[in-house]
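Next come the chains, spelled out residue by residue.
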Amino acid sequence: MSWGTELWDQFDNLEKHTQWGIDVLEKYIKFVKERTEIELSYAKQLRNLSKKYQPKKNSKEEEEYRYTSTRAFLATLNEMNDYAGQHEVISENMTSLITAELTRYVQELKQERKSHFHDGRKAQQHIETCWKQLEASKRRFERDCKEADRAQQYFEKMDADINVTKADVEKARQQAQLRHQMAEDSKAEYSSTLQKFNSEQHEHYYTHIPNIFQKIQEMEERRIVRIGESMKTFAEVDRQVIPIIGKCLDEITKAAESVDHKNDSQMVIEAFKSGFEPPGDVDFEDFTQPMKRTVSESSLSNSRGDGKSEPKFGSKSKGKLWPFIKKNKSPKQQKEPLSHRFNEFMTSKPKIHCFRSLKRGGAGPEDFSNLPPEQRRKKLQQKVDELNRDIQKEMDSRDALTKMKDVYIKNPQMGDAASVDHRLAELGQNIEKLRLEVQKFEGWLAEVEGRLPARSEQSRRQSGVYEAQNASGVNSCAQDRESPDGSYTEEQSQETEMKVPATDFDDEFDDEEPLPTIGTCKALYTFEGQNEGTISVAEGEMLYVIEEDKGDGWTRIRRNEDEEGYVPTSYVEVYLDKNAKDVHKPLQKISE
């Protein structure tokens, strides 16, 4: 099967077909090029998607990625980034192995095709020239033969005519002979030209054209093979990245299988556990006693005259409604209306919050005393670890400078050894400061770890106390209207004002019998009680506890019968004693 023998007369069609083949190849190149652009665009979109959902550094999102589910999601994002990289590899390989190679091959193919068809046209022109020569020789032979016939006929006519002279007859005879000779020469030339043309024609159709068409056929077959190989490479490029993509998907599956709901639940406990016990039972408060006491004013006066204390109407205790009114009033102080005292309490409570904000500096105290014990321990441990890492960095820098100084001493031409002394001194000071900080935080940590079991026995401690202390200024506005026991003072005060006019409540409020002590406490830090309702304490001082912390971070204590108030719960260590009696013996101030 050869184009040279089967298609010897289809020169023009072969030219059109080979041009169509080049067009197909260029179309395939364009297809692959667009595929590479799609792969690059897809990879870019995948990378942007992965980057979009990556946690921001030093943000709250970064802390959330300690859970197994969020870590699995982070692993998925990382694997998607690698997945995108494989699509970039596909694009690069297709560009280098297919697009670039085929583009270069197309240029070579065009040059080869041009050369073959140029040879074909040249052969066609040659055979056409030979044909024209043959035709010219044939026409000349034909013309000479006709002229020879006419000359012979003229001679015979002249020879038969008796009136013609012998000289004219001889002339006609010579002319006829000349024409016959010319005809013979033309015949010989025509015969030679014919033989030459036949030879050229045979050479053209059986040698030159088959060779040219064979080269064109081979060129076309190479083009077909090349485009087939490119299609195979197209598939192989994809197949080569499938194992890596499979590994990416396997890693995503592995990350998904690593999700542990039990572990995440345990981490939630570790993140938010306060270390406190749940609150105990609420004591029953009998409000039927005021009904018995208000039978008549005389009975009320007699009960007051006898020095017997009765539960007061509309309140739990003195500390419930009026937590920031000092007990140690002088006898000369006049009694104030209940509504005026309520206003005084509402204006004094924000001062306490202002004191808290100043004490913490807006971000909590340095020792994290505003946090529940368990969370405080974790924060202190993190701080100690952080400081130790800083110390190690400073020590590494100091060691490096020391080595540099030794080099300078041994090789003075490399530098001045004295130039690093100042920096070494600074590093030494920094290390000493950091060590002092570590000792300070380790002391607090040891204190928390030593106090944690004892403090956990306070059944009424609630983690909400510390959350309230950590609240922002907006939340503190709402907390300003809460009393230490967590009750909503404004609503209760309104309720009280509606009930008070029926009795002489102010007199009984001032003459109320002191609350019994429920335990003792030791002041851990010095507290200056400069606001209404607070009491100053010195570090190491022992005092009586008359009311536990009810959820707002304040404990009510008493120094003696005439001096009591509130102190921050985190500033004292409480020792509850349910069998304690109301005995006010002086407690000596001791130091830790």
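A. Structural context of the overall build of the protein chain. When you go through the protein chain residue by residue, the secondary structure sums to 16 helices and 5 strands. In the structure as shown, the protein chain presents an accessible area of about 36,200 Å², 51% of it carried by carbon and sulfur atoms.

B. Geometry of the pairing of strand S2 (residues 542-547). Of all 6 residues that make up S2, 5 are buried, and the element is covered over most of its length. Two strands pair when backbone bridges link them, and strand S1 (residues 519-523) and S2 are joined in this way by 4 bridges, in the antiparallel orientation. Bridging across to S2, Cys 521 finds its partner in Leu 543. Where S2 meets strand S3 (residues 554-560), 3 bridges bridge the pair, whose relative direction is antiparallel. Within the sheet, the bridge partner assigned to Glu 547 lies in S3 and is Arg 556.

C. Spatial organisation of helix H11 (residues 373-410). Along its 38 residues, H11 runs 55 Å from first to last C-alpha, staying within 8% of the 56 Å computed at 1.5 Å per residue. Those residues of H11 not exposed but buried are Pro 373, Glu 374, Gln 375, Arg 376, Leu 380, Val 384, Leu 387, Ile 391, Leu 401 and Tyr 408.

D. Representation of the nonpolar core within the structure. With 31 residues, the main nonpolar core has Leu 25, Tyr 28, Met 94, Ile 98, Phe 213 and Ile 216 as its most contacted residues. Elements with a minimum of two residues in this core: helix H2 (11-52), helix H4 (68-160) and helix H5 (166-257). In terms of residues, this core owes the most to one element, H4, which gives 11 residues. The contacts of Ile 98, once residues within four sequence positions are left out, are Tyr 28, Val 32, Asn 93, Ser 230, Thr 233 and Phe 234. By size, the runner-up hydrophobic cluster in this structure holds 16 residues, among which are Val 537, Val 545, Val 567 and Val 572.

E. Inspection of the packing of H2 against H4 at higher detail. Direction vectors running N to C along H2 and H4 enclose 165°, while the axes themselves pass 8 Å from each other. Comparing their axes, H4 and H2 come out roughly antiparallel. Once H2 is placed against H4, the crossing between them reads as left-handed. Of the residues contributing to the contact of H2 with H4, the split by class is 23 nonpolar, 14 polar and 10 charged.

F. Quick look at the packing of aromatic side chains. This model, assessed by the stated rule, comprises 12 aromatic pairs. Ring geometry for Phe 11 and Phe 117: centres 5.3 Å apart, planes at 75°, overall edge-to-face. With Phe 11 in helix H2 and Phe 117 in helix H4, this pair connects stretches of sequence that are 106 residues apart. Aromatic side chains Tyr 53 and Phe 73 sit 6.4 Å apart centroid to centroid with 75° between the ring planes, which places their arrangement in the edge-to-face category. Of the two residues, Tyr 53 sits in the loop between H2 and helix H3 (60-64) while Phe 73 sits in helix H4, which places them 20 residues apart along the sequence. Here Tyr 53 falls in the partly exposed class, since its relative accessible area comes to 40%. When its relative accessible area of 36% is taken as the criterion, Phe 73 is described as partly exposed.

G. View of the pairing of strand S4 (residues 563-568). The buried fraction of S4 amounts to 5 of the 6 residues, a majority that puts the element mostly inside the structure. As paired elements, S3 and S4 share 6 bridges and run antiparallel to each other. Each bridged residue has a counterpart across the sheet, and for Asn 560 the counterpart in S4 is Glu 563. Here S3 hands over to S4 after 2 residues, the two strands then running antiparallel side by side.

H. Spatial organisation of the pattern of salt bridges. Counted by the stated rule, this structure contains 23 salt bridges. With its nearest N and O atoms 2.7 Å apart, the salt bridge here joins Arg 179 to Glu 147. One end of the pair, Arg 179, is in helix H5; the other, Glu 147, is in helix H4, and 32 residues separate them in sequence. Taking relative accessible area as the criterion, Arg 179 reaches 23% and is therefore assigned partly exposed. Taking the shortest distance from any N to any O, the salt bridge between Glu 220 and Arg 223 comes out at 2.5 Å. With Glu 220 and Arg 223 both in helix H5 and 3 residues apart, this pair spans about one turn of that helix. Taken individually, Glu 220 and Arg 223 each receive the classification buried, so the pair is uniform in this respect. When salt bridges that share partners are traced, they join Glu 547, Arg 556, Arg 558 and Glu 564 into one network.

Cut-off values and rules
- Residues numbered from 1 in each chain as written.
- Predicted model: local features only at pLDDT ≥ 70, side-chain atom pairs only at ≥ 80, totals over all residues.
- Heavy atoms only, no water.
- Helix = DSSP H or I, 4+ residues; strand = E, 2+ residues; numbered from the N terminus.
- Areas by Shrake-Rupley, 256 points an atom, 1.4 Å probe, with all protein chains shown as cover.
- Buried < 20%, exposed > 50% of the residue type's maximum accessible area, 1.4 Å probe, protein only.
- Pairing = 2+ DSSP bridges.
- Expected span 1.5 Å × (residues − 1).
- Core = buried A, V, L, I, M, F, W, Y, C linked by side-chain atoms within 4.5 Å.
- Contact = heavy atoms within 4.5 Å.
- Axes fitted to C-alpha atoms, helices over the stretch in contact; angles between N-to-C directions.
- Parallel < 35°, antiparallel > 145°, perpendicular 65-115°, else oblique.
- Left-handed = near helix turned anticlockwise from the far one by under 90°.
- Nonpolar A, V, L, I, M, F, W, Y, C, P; charged D, E, K, R; others polar.
- Phe/Tyr/Trp six-rings, centres within 6.5 Å; stacked < 30°, edge-to-face > 60°.
- Salt bridge = Lys/Arg side-chain N within 4 Å of Asp/Glu carboxyl O.

Read these as spatial facts, not as claims about activity.
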